[in-house]
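Okay, here's what each chain looks like letter by letter:
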Amino acid sequence: MKVKLDELVCEANAVCMGLAPEVFEVDDDDQLHILLPEPPPEMRDRVRHAVRSCPKAALSLEE
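Residues numbered from 1 in each chain as written. Predicted model: local features only at pLDDT ≥ 70, side-chain atom pairs only at ≥ 80, totals over all residues. Heavy atoms only, no water.

Visitor: Requested: an account of the overall build of the protein chain, with residues and values cited.
Guide: A count of helical and extended segments in the protein chain gives two helices and four strands. Of the regular secondary structure in the protein chain, the N- to C-terminal order runs β-α-β-β-α-β. At 10 Å, the protein chain has a C-alpha radius of gyration in line with the 11 Å of a compact globule built from 63 residues. Along the first, second and third principal axes, the C-alpha set of the protein chain runs to 30 × 20 × 15 Å. Among the 63 residues that make up the protein chain, the fraction classed as buried is 27%. Across the protein chain, contacts joining residues at least 24 apart in sequence account for 58% of those joining residues at least 6 apart. Of the charged side chains in the protein chain, 7 are positive and 14 negative; the average position of the first set lies 9 Å away from that of the second. (Helix = DSSP H or I, 4+ residues; strand = E, 2+ residues; numbered from the N terminus. Rg over C-alpha atoms; globule rule 2.2 N^0.38 Å. Buried < 20%, exposed > 50% of the residue type's maximum accessible area, 1.4 Å probe, protein only. Contact = heavy atoms within 4.5 Å. Lys, Arg positive; Asp, Glu negative; His and termini not counted. Charge placed at Lys NZ, Arg CZ, Asp CG, Glu CD.)

Visitor: Could you give an account of the environment of R48, with specific residues and numbers?
Guide: By secondary structure assignment, the location of R48 is in helix α2 (residues 44-53). The contacts of R48, once residues within four sequence positions are left out, are M1, L61 and E63.

Visitor: Lay out the pattern of salt bridges in plain terms, naming residues and giving numbers.
Guide: Applying the stated criterion to the full structure yields five salt bridges. Notably, a salt bridge pairs E22 with R46, separated by 2.9 Å at the nearest N-O pair. Highlighted residues: E22 in the loop between α1 (15-19) and β2 (24-26) and R46 in helix α2, separated in sequence by 24 residues. Judged by relative accessible area, E22 falls into the partly exposed class, the value being 37%. Given a relative accessible area of 35%, R46 falls into the partly exposed group. When the shortest N-O distance is used, the salt bridge between E63 and R48 registers 3.2 Å. (Salt bridge = Lys/Arg side-chain N within 4 Å of Asp/Glu carboxyl O.)

Written out as structure tokens, the structure is:
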């Protein structure tokens with residue numbers, strides 16, 4: 001699994017960061033960063049939930 005971000009769509013709402021802070025981080029400049037682009041198996045369900053919860057659908061998964 002690989003997490004992808006469409007930077008043109010992302011509004012840095014930080015929903016993903018709230019659900020999986022080990023994987024997503026919004027910095028002081030309101031930019032989203034993917035800390036673990038290929039999360040380990042034990043985190044994948046939470047990452048899938050975070051991706052589905054993005055209000056702008058700026059995140060996607062490559063399985």
